[in-house]
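A structural walkthrough
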Amino acid sequence: MVGAGVLSLPYAIAYLGWGPGMAVMVISWCMTLHTMWLLVQLHESTPGVRFDRYIDLARHTFGPKLGPWIVLPQQMIVIVGCNIVYMVTGGTCLQKFIEMVCTDCARLRHSYWIIIFGSTHFLLAQLPDFNSVSGVSLAAAVMSLCYSTIAWAGSLSKGRQPDVSYAYKHTSGADSIFRVFNALGQISFAYAGHAVALEIQATIPSTPEKPSKLAMWKGAIGAYFINAICYFPVAFIGYWAFGQDVTDNVLVALQKPSWLIAAANLMVVVHVLGSYQVFAMPLFDLMEKGVTKKLKVSSGIPLRLVVRSSYVAFTLFVAVTFPFFGDLLGFFGGFGFAPTSYFLPSIIWLILKKPKRFSVQWLINWVGIFIGVFIMMASTIGGFRNIIADSSTYEFYQ
């Protein structure tokens with residue numbers, strides 16, 4: 001649940017301000033916890049059937065032809081978007097780590113660091129399935145908790161900066177609106193676990209006496225508790241310390257104690273190494289099954305090597321081309337994450353469960369749908385516009 005998007009939360013609050021920023025954070029946490037509960041319940045909503053993938057649930061809900069077109073593009077955007085952002089994040093934090101521990105070393109360009117980080121995934125991507133990445137995932141989870149704590153504790157120890165301002169960031173009228181829209185996407189990007197929730201629940205044994213939803217919901221509650229103690233302190237303390245001048249990666253703004261900040265950047269690198277694989281695994285499975293079926297080739301190491309290496313190369317290429325951390329978060333957060341995390345589970349629940357009109361469940365889900373659709377539209381427009389605006393002043397492949 002806890003992703004590298006946590007580091008951009010103070011930056012998002014800087015565009016939204018204290019009141020709206022706190023409101024969006026709390027509403028997003030509550031809404032996505034609710035939709036996570038819906039997915040957990042829907043996993044075995046039909047007796048004797050387990051919907052092990054989001055696309056399976058979509059086929060059951062919308063039909064075999066329409067279902068994949070509704071869910072699959074969104075899920076792919078989430079997975080690919082996460083992996084691209086993790087490439088940028090890993091390269092940025094690896095660069096920061098090396099520069100802090102080796103002040104006399106020659107300075108490499110940012111693009112080179114992204115390539116160095118991305119090259120490790122050509123090897124890690126060959127791990128066969130979800131169970132094989134459990135150790136990597138555990139390390140990533142521990143690292144995310146550690147660097148989030150360092151981020152807010154470092155901001156707290158640094159204290160409020162001289163002449164700190166909590167006024168909205170000074171931009172032109174139109175630009176300000178688009179940046180606010182992008183901030184909504186950055187916050188929605190932070191809630192990304194829904195895209196692979198059913199795939200994870202599928203690994204949990206299930207019996208009539210002890211259905212998988214019991215263990216999965218306990219895990220989800222634990223994840224959201226950790227999510228809260230990571231996200232809210234980083235967002236609010238980071239903004240309190242730096243105000244409108246906070247960067248889109250709060251760790252970059254922290255310099256002392258140098259050894260601790262260097263360690264935090266290294267933790268981010270370890271975290272995104274694991275998270276990349278967790279998010280990519282469902283896509284690897286889908287791609288390999290598609291190639292096996294279409295080209296009539298046997299599955300195995302050669303197929304895995306070609307398919308997965310091609311995907312890693314693609315995400316690495318896009319990351320090197322568009323290394324705009326904050327803008328990518330906003331764009332992918334709106335375009336892909338808002339549907340899968342905010343309102344698609346509610347739509348599916350209304351169709352399958354048919355709660356009584358104007359009942360509490362009916363109202364909560366419809367309110368969530370309207371809020372989620374607004375966030376998707378606004379943050380997609382804002383993120384896309386900001387990528388274009390920042391690209392106009394950026395020297396590609398520098």
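Residues numbered from 1 in each chain as written. Predicted model: local features only at pLDDT ≥ 70, side-chain atom pairs only at ≥ 80, totals over all residues. Heavy atoms only, no water.

So, the overall build of the protein
Formally: The secondary structure listing takes helices from DSSP runs of H or I that are at least 4 residues long and strands from runs of E that are at least 2 residues long, numbered from the N terminus. Contact criterion: two residues are considered in contact whenever any of their non-hydrogen atoms come within 4.5 Å of each other. Here the Shrake-Rupley method, with its probe set to 1.4 Å, supplies the accessible areas, and only the displayed protein chains count as covering residues.
Looking only at helices and strands, the protein has 15 helices and zero strands in total. Relative to all contacts within the protein whose residues are 6 or more apart in sequence, the contacts with residues 24 or more apart total 85%. Looking at the protein as shown, the accessible area adds up to about 17100 Å², and 71% of this sits on carbon and sulfur atoms.

With respect to the packing of helix H4 (residues 66-101) against helix H12 (residues 258-295)
Which entries qualify depends on this criterion: Note on definitions: angles span 0 to 180 degrees between N-to-C directions of axes, and those axes are lines fitted to C-alpha atoms, for helices only across the stretch in contact. For classification purposes, angles smaller than 35 degrees are called roughly parallel, those larger than 145 roughly antiparallel, those between 65 and 115 roughly perpendicular, and all remaining angles oblique. Two helices cross in a left-handed way if the nearer one is turned anticlockwise from the farther one by less than a right angle. They cross in a right-handed way if the turn is clockwise.
Put simply, H4 and H12 touch, their axes get as near as 8 Å, and they point 155 degrees apart. Regarding the angle of H4 to H12, the classification is roughly antiparallel. Seen from above, H4 lies across H12 with left-handed handedness.

Some words on a nonpolar patch on the surface
For clarity, the threshold we go by: Only residues whose relative accessible area exceeds 30% and that take part in no salt bridge are eligible for patches, with like-charged residues grouped when within 9 Å of each other and nonpolar side chains (Val, Leu, Ile, Met, Phe, Trp, Tyr) grouped when within 5 Å. Counted as salt bridges are all cases of a side-chain nitrogen of Lys or Arg within 4 Å of a carboxyl oxygen of Asp or Glu.
Taken together, the side chains of Leu108, Tyr112, Ile115 and Ile116 present a nonpolar region at the surface, about 330 Å² in accessible area. With respect to the element layout, Ile115 can be found in helix H5 (residues 110-119).

So, the nonpolar core
Keep this limit in mind: Residues belong to a common nonpolar core when they are buried Ala, Val, Leu, Ile, Met, Phe, Trp, Tyr or Cys residues joined through side-chain atoms within 4.5 Å. Relative accessibility decides the category of a residue: with a 1.4 Å probe and only protein chains considered, values under 20% of the type maximum give buried, values over 50% give exposed, and everything between is partly exposed.
Counting residues in each nonpolar core, the largest one holds 108 residues, and the members touching the most others are Leu7, Leu9, Met25, Met87, Ile187, Tyr231 and Tyr311. When residues of this core are assigned to their parent elements, the largest contribution, 15 residues, is made by H4.

Notes on the packing of aromatic side chains
To be explicit about the condition: Aromatic contacts are taken between Phe, Tyr and Trp rings whose centres are within 6.5 Å, Trp giving its six-membered ring; a plane angle under 30 degrees counts as stacked, one over 60 as edge-to-face, and the others as tilted. Counting as a charge over the ring demands two things of the Lys NZ or Arg CZ atom: a distance within 6 Å of the ring centre and an angle within 35 degrees of the ring normal.
The final tally for this structure, using the stated rule, is 12 aromatic pairs. Arranged with centres 5.3 Å apart and planes meeting at 85 degrees, the rings of Tyr11 and Tyr15 form a pair that is edge-to-face. You can see Tyr11 and its partner Tyr15 sitting in helix H1 (residues 9-16), four residues apart, about one turn around the helix. Given a relative accessible area of 16%, Tyr11 falls into the buried group. Connected via pairs of aromatic rings, a cluster forms that spans Trp18, Phe232, Phe236 and Tyr239. Above the face of the Trp349 ring, Lys353 is positioned so that its terminal group lies 5.5 Å from the ring centre.

Considerations on H4
Keep this limit in mind: In this analysis, the expected span of each helix is defined as 1.5 Å times one less than the number of residues it contains. Across the chain, bend at a residue is computed as the angle between axes fitted to the seven residues ending at that point and the seven starting from it.
A rise of 1.5 Å per residue sets the reference length of H4, with its 36 residues, at 52 Å; its end C-alpha atoms lie 53 Å apart and thus fit the reference within 8%. The axis of H4 is deflected most strongly, by about 25 degrees, at Leu72, and proline Pro73 appears within four residues downstream. The buried fraction of H4 is high, at 27 of 36 residues.

Notes on the environment of Ala153
Along the polypeptide, Ala153 turns up in helix H7 (residues 134-158). The exposure class of Ala153 is partly exposed, given its relative accessible area of 31%. Between the C-alpha atoms of Ala153 and Ile237, which are 84 residues apart in sequence, the distance is 8.3 Å.

Points about unusual backbone geometry
Notably, Lys354 is not glycine yet its phi reads approximately 45 degrees, a positive angle. Classification of Lys354 as exposed rests on a relative accessible area of 62%. Of note, Phe358 is a non-glycine position whose phi angle comes to about 70 degrees, a positive value. By the secondary structure assignment, Phe358 is in the loop between helix H14 (325-353) and helix H15 (360-391). Relative accessible area serves as the criterion here: at 59%, Phe358 is assigned to the exposed category.

Thoughts on the side chain of Glu288
In this fold, Glu288 is placed in helix H12. Each residue touching Glu288, except ones within four places of it in the same chain, is listed here: Leu303, Arg304, Val307 and Arg308.

As for the pattern of salt bridges
Counted under the stated rule, the structure contains five salt bridges. Taking the shortest distance from any N to any O, the salt bridge between Arg107 and Glu99 comes out at 3.8 Å. With relative accessibility at 24%, the residue Glu99 sits in the partly exposed group. For Lys289, the salt bridge is made with Asp285, and the minimal N-O distance between the two is 3.4 Å. One end of the pair is Lys289 and the other is Asp285, both in helix H12 and four residues apart, which spans about a single turn. For Asp285, a relative accessible area of 29% puts it in the partly exposed group. Through salt bridges with shared partners, one network takes in Arg53, Asp56 and Arg59.

Here's the deal with the packing of helix H2 (residues 18-42) against helix H10 (residues 212-242)
Rules: Lys, Arg, Asp and Glu make up the charged group, whereas Ala, Val, Leu, Ile, Met, Phe, Trp, Tyr, Cys and Pro make up the nonpolar group; the residues left over, Gly among them, are polar.
In the contact formed by H2 and H10, the axes pass within 10 Å of each other and the chain directions differ by 170 degrees. With respect to H10, the element H2 is oriented roughly antiparallel. Looking at the contact of H2 with H10 residue by residue, the class counts come to 21 nonpolar, three polar and one charged.

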